[in-house]
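This is what each chain is made of:
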Number of protein chains: 2
Amino acid sequence: MHCPRLKFLLPTARQHSLFRAFDNEQFLSLSGSARVHEMKAGDTLYLQEAEIDRFYLIIQGVVKLYRVSCDGREIVLNVFTDKECVGESEIFTDKHTHSTNAAIVENATLLSFSSQAYKLLLQQSSACCYGVLVEIAARLQEKQNEIEALSQQSATDRVIRFLLSQVKDTDNKKDSVVIKLPLAKRLIAARLSMQPETFSRVITDFKRKGLMDVKGSQLNINCLADLRQMV
Amino acid sequence: MHCPRLKFLLPTARQHSLFRAFDNEQFLSLSGSARVHEMKAGDTLYLQEAEIDRFYLIIQGVVKLYRVSCDGREIVLNVFTDKECVGESEIFTDKHTHSTNAAIVENATLLSFSSQAYKLLLQQSSACCYGVLVEIAARLQEKQNEIEALSQQSATDRVIRFLLSQVKDTDNKKDSVVIKLPLAKRLIAARLSMQPETFSRVITDFKRKGLMDVKGSQLNINCLADLRQMV
């Protein structure tokens, strides 16, 4: 009756902070509403204005949230990847429909749960509810920190920090290194909360200054120390 | 025994979204831990690294959160005013100390409550806890929207939107209007999540273009329609 992968994937969900406060019985009851979604790049997860009835845990893959502007351009708002949740904070608000579109960027395996079943569990158990409250409050702090970083750090700072985070530990002591961008540039821009044009402008500026060479998604950083000194 | 103002101020707190899910008995038990703080501009509310034991509801006045940089500069991170809470999301995290300093910007009346008493109530009642969860999740959505605005709108856009929000309804159809900045420029910059230098640069640019004249905290906007067209 159940998808055979479900039994295999549920223990991963069990470890997630959104379920950690649940006891076994509570998690088992929620599992009854779980579904596995094997999706391909380009697939739609949900559309803006669609009714909210489930939320999603990304087991593996990449999901983008986006809106479409008046003139038909796609504006990517955020990008989520392995072990991140999509749409979970929306279920607690009094809106009944999604405020963005969600689509798959790289082939993905997701687990979804019924929003209704999840909310019911939280309403019945203060221990579950308090556990989720702690988790949501921690994210609120993270977002506040992100806003502070956005207001204090220039776009250039943020790009450098991102590029340095992509350097492998084993390459950390080398002078020149090669990194591969993990996502398309406009998705990285969204993850860094900047416009795609801004990300491109910063990279072009780095090239012009001789700091790096770019071949498609591959960046050759000529001097790691120089880049580190810039932040 | 109690401060005489406390009885007068508690009904205001009762209406706040952080307490709305409480029943009368629960709110009464929390009220036992409430204190009134009458504070003057410049007073310290709490210091970074101090133990978290209370959270604050601003009845009236202005409070800033700030850090001090290595070279001794004060960096304002956020500014809160009437009916906003300070420090409430920190109490749910597993940190035990404040991550910022908080100080009074304009003479303020605050109510504070014991974090411990508040958390205990939430842990005991799933109805209370769920009510607060809904509130905190809504703020998480707001912060997400704020981040999106930061990444999509330029600093100029954000300053214009702020200035337009300061135009009185009765002045809305006038061509030229006078507005008074409600806070010091660096505090407005913090509220708009930008650096003070950026705010000043945008205003100087507006002056240079003849859009407005500035006398201290008073701005004379020469043509409201021109400003509206820019966003």
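Note that this is a predicted model, so its numbers are computed, not measured. (Residues numbered from 1 in each chain as written. Chains lettered and ligands numbered in written order. Predicted model: local features only at pLDDT ≥ 70, side-chain atom pairs only at ≥ 80, totals over all residues. Heavy atoms only, no water.)

Another aspect to go through is the relation of the copies chain A and chain B. Mapping chain A onto chain B calls for a rotation angle of 180° and an axial translation of 0.0 Å; the resulting RMSD is 0.0 Å. Both copies are brought into coincidence by an operation consistent with a two-fold rotation axis. Within chain A, Ser126(A) has its C-alpha nearest the rotation axis, a separation of 1.9 Å. (Least-squares fit on C-alpha atoms with pLDDT ≥ 70 in both.)

Moving on, we come to the sheet that holds strand β7 (residues 177–180) of chain A. Residue and element names in this part refer to chain A. With antiparallel pairing, three strands are arranged side by side in an open sheet as β7-β9-β8. In this open sheet, the two edge strands, each paired with only one partner strand, are β7 and β8 (212–215). Pairwise comparison of adjacent strand axes, ignoring direction, gives a mean angle of 20° for this sheet. Relative to strand β9 (residues 218–221), β8 runs antiparallel, the two sharing four bridges. Bridge pairing links Val214 to Leu219 in β9. (Pairing = 2+ DSSP bridges. Helix = DSSP H or I, 4+ residues; strand = E, 2+ residues; numbered from the N terminus. Axes fitted to C-alpha atoms, helices over the stretch in contact; angles between N-to-C directions.)

A few words on the interface of chain A and chain B. Interface size is commonly expressed as the accessible surface area that is lost when the partners come together. Contacts between chain A and chain B engage 40 residues on the former and 40 residues on the latter. With both chains or domains summed, chain A and chain B bury close to 3,500 Å², and 63% of this area falls on carbon and sulfur atoms. Summed over the three residues of chain A that lose the most area to chain B, namely Tyr130(A), Leu133(A) and Leu140(A), the buried surface amounts to 19% of that side. Our enumeration of links across chain A and chain B arrives at two salt bridges. When the shortest N-O distance is used, the salt bridge between Glu148(B) and Arg67(A) registers 3.2 Å. Counting across the interface, chain A meets chain B through 10 residue pairs in polar contact (both at pLDDT 80 or more). For the side of chain A that touches chain B, the elements supplying multiple residues, two or more each, are β4 (74–80), α3 (115–124) and α4 (126–152) of chain A. Looking at the side of chain A that touches chain B, the element that brings in the most residues is α4(A), giving 21 residues. (Contact = heavy atoms within 4.5 Å. Buried area = accessible area lost by both parts, 1.4 Å probe. Salt bridge = Lys/Arg side-chain N within 4 Å of Asp/Glu carboxyl O. Polar contact = N/O pair within 3.5 Å; in protein donor to acceptor, adjacent residues only side chain to side chain.)

A few words now on the packing of aromatic side chains. All names here are of chain B. Tallied over the entire structure, the rule returns 22 aromatic pairs over all chains. An angle of 50° between the planes, with centres 6.3 Å apart, marks the rings of Phe92 and Tyr118 as tilted. With Phe92 in the loop between β5 (85–86) and β6 (101–114) and Tyr118 in helix α3 (residues 115–124), the pair connects residues that are 26 residues apart, well separated along the chain. Taking relative accessible area as the criterion, Tyr118 reaches 1% and is therefore assigned buried. (Phe/Tyr/Trp six-rings, centres within 6.5 Å; stacked < 30°, edge-to-face > 60°. Buried < 20%, exposed > 50% of the residue type's maximum accessible area, 1.4 Å probe, protein only.)

All names here are of chain B. Across the sheet, three strands lie side by side as β7-β9-β8; this open sheet has antiparallel pairing. Sheet topology places β7 (177–180) and β8 (212–215) at the edges, where each strand pairs with a single neighbour. Taken pair by pair, the neighbouring strands of this sheet meet at an average axis angle of 20°, ignoring direction.

Per the UniProt record, the feature "domain: HTH crp-type" (unreviewed entry) sits at residues 153–225 of chain A. Each end of residues 153–225 of chain A is marked by a C-alpha atom, and these two atoms are 20 Å apart; helix forms 45% of the span and strand 16%. (UniProt positions renumbered as here; feature names shortened; annotations may be inferred.)

With that settled, consider the packing of α4(A) against helix α4 (residues 126–152) of chain B. Closest axis-to-axis distance for the α4(A)/α4(B) pair is 9 Å, and the angle between their directions is 20°. The angle between the axes of α4(A) and α4(B) places the two elements in the roughly parallel class. In terms of crossing hand, the pair formed by α4(A) and α4(B) is left-handed. By residue class, the composition of the contact of α4(A) with α4(B) is 18 nonpolar, four polar and six charged. (Parallel < 35°, antiparallel > 145°, perpendicular 65-115°, else oblique. Left-handed = near helix turned anticlockwise from the far one by under 90°. Nonpolar A, V, L, I, M, F, W, Y, C, P; charged D, E, K, R; others polar.)

All names here are of chain A. Under the domain assignment used here, chain A contains domain 1 (4–151) and domain 2 (153–229). For domain 1 and domain 2, the distance between their C-alpha centroids amounts to 29 Å. Contacts between domain 1 and domain 2 engage 16 residues on the former and 10 residues on the latter. Here domain 1 packs against domain 2, burying approximately 990 Å² in sum over the two surfaces, 50% of which is carbon and sulfur. By the criterion of area lost to domain 2, the three top residues of domain 1 are Val79, Ala149 and Leu150, representing 46% of everything that side buries. One can count five residue pairs in polar contact (both at pLDDT 80 or more) joining domain 1 with domain 2. Considering every element that reaches the side of domain 1 that touches domain 2, the biggest residue donor is β4, with six residues. By residue class, the composition of the side of domain 1 that touches domain 2 is eight nonpolar, three polar and five charged. (Domains from an automatic or database assignment.)

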